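Spelled out, the chains give:
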Amino acid sequence: MLINEASRLTNLTKKAIEYYIEQKLVFPNILDNGYRDFRENDVECLKKIYVFRKLGLSTEEIKAVLADKTNNILQKISVQRELIMQREQEKKSILYQLIFGKNYSELIKDLRAIEQSSTVTEKLLEAFPGYYGRFICLHFARFLNEPITSSDQQSAYEEIIAFLDNAPSLQLTEDLQLFLMESTNYINIQNIRDVIENTKYSIENPDKFLSENKEFIERYLAHKQSEEYKNSPIYKIQTILKEFNHTSGYYDIFIPAMKKLSVSYSEYCKQMEVVNEKLSLQYPEINKLNN
């Protein structure tokens, strides 16, 4: 079909379609008479572009999404937009504080904290790609809203940035990459947030959580000790992640620096230690699983 028909079917102007051709987002055939011939797959591609542009994606982002067969880039952009929305909400809160006469110098610290949080979360997404990166990015983002007020915190912040800039790539075999992609493809931001909230609830009310989830925990531990689990792709992935975290400096550099940077994260880790101790006392077999 010619450009007029493609325009009608996609709700895009001819100039917009010509621009996307120039940007190498779509590749119609060129006929002998010089007219462009749009095939069905070209029209489908233009429809996708129309949606992505309405959602505010840049041309470069659209190009990356169209080239990505795993859906990881679109999910990464979704996390980035979520974090941007959070930061804008925090800035809106600062505007309200200005209205009610809060000191400008105090608000400068809050704005710097927003910028620092942005830098760390973006680097987390880059350093740890795929679902793992999205999860740890959203997990740590909630601890990164505190202003840096001491030289120790500043040093910790610089350690974190250096670690994330130099962290080695996480290597998974092709079959494990495929498994991870297929098993996490439909896990969205809200699903990840639900997991984080459940973890938060469990550490704030450990006794209640252990009591209410006794049957589930026992089934979970039995599954983790089964041969079926030990031969599963998820076991292999978790083994690789554990080894990666040890060898990359995640446990030795990143986590200690996060504790120094963020008071709330340090408190979270202390709560986790209490929960793990209670869990180990009630279920001694869990110690073998963690080794």
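Just above sits the structure.
Cut-offs applied
Residues numbered from 1 in each chain as written. Predicted model: local features only at pLDDT ≥ 70, side-chain atom pairs only at ≥ 80, totals over all residues. Heavy atoms only, no water. Helix = DSSP H or I, 4+ residues; strand = E, 2+ residues; numbered from the N terminus. Expected span 1.5 Å × (residues − 1). Buried < 20%, exposed > 50% of the residue type's maximum accessible area, 1.4 Å probe, protein only. Polar contact = N/O pair within 3.5 Å; in protein donor to acceptor, adjacent residues only side chain to side chain. Contact = heavy atoms within 4.5 Å. Core = buried A, V, L, I, M, F, W, Y, C linked by side-chain atoms within 4.5 Å.

(A) The arrangement of helix α3 (residues 40-54) in detail. Taking 1.5 Å of rise per residue, 15 residues should cover 21 Å, and α3 covers 21 Å from first to last C-alpha, within 8% of that figure. Along α3, the residues classified as buried are Asp42, Val43, Cys45, Leu46, Ile49 and Phe52. Gly56 lies just past α3 and shows a positive phi near 90°.

(B) Local environment of the environment of Lys24. Its location among the elements puts Lys24 in the loop between α2 (14-22) and β1 (29-30). For the pair Lys24 and Lys63, spaced 39 residues apart in the sequence, the C-alpha separation amounts to 8.0 Å.

(C) Looking closely at the side chain of Ser7. For Ser7, the location among the structural elements is in helix α1 (residues 3-10). Given a relative accessible area of 16%, Ser7 falls into the buried group. A polar contact of 2.5 Å, which involves the side chain of Ser7, links it to the backbone oxygen of Leu12. Apart from the residues within four sequence positions on either side, Ser7 is in contact with Leu12, Thr13, Lys14 and Ile17.

(D) Seen up close, the nonpolar core. Counting residues in each nonpolar core, the largest one holds 44 residues, and the members touching the most others are Leu124, Phe128, Phe140, Leu164 and Phe254. Once residues within four sequence positions are removed from consideration, Phe128 is found in contact with Gly133, Arg134, Ile136, Phe163, Leu164, Phe244 and Tyr250. Among the nonpolar cores identified, the runner-up in size contains 18 residues, and Ile3, Leu12, Cys45 and Ile77 belong to it.

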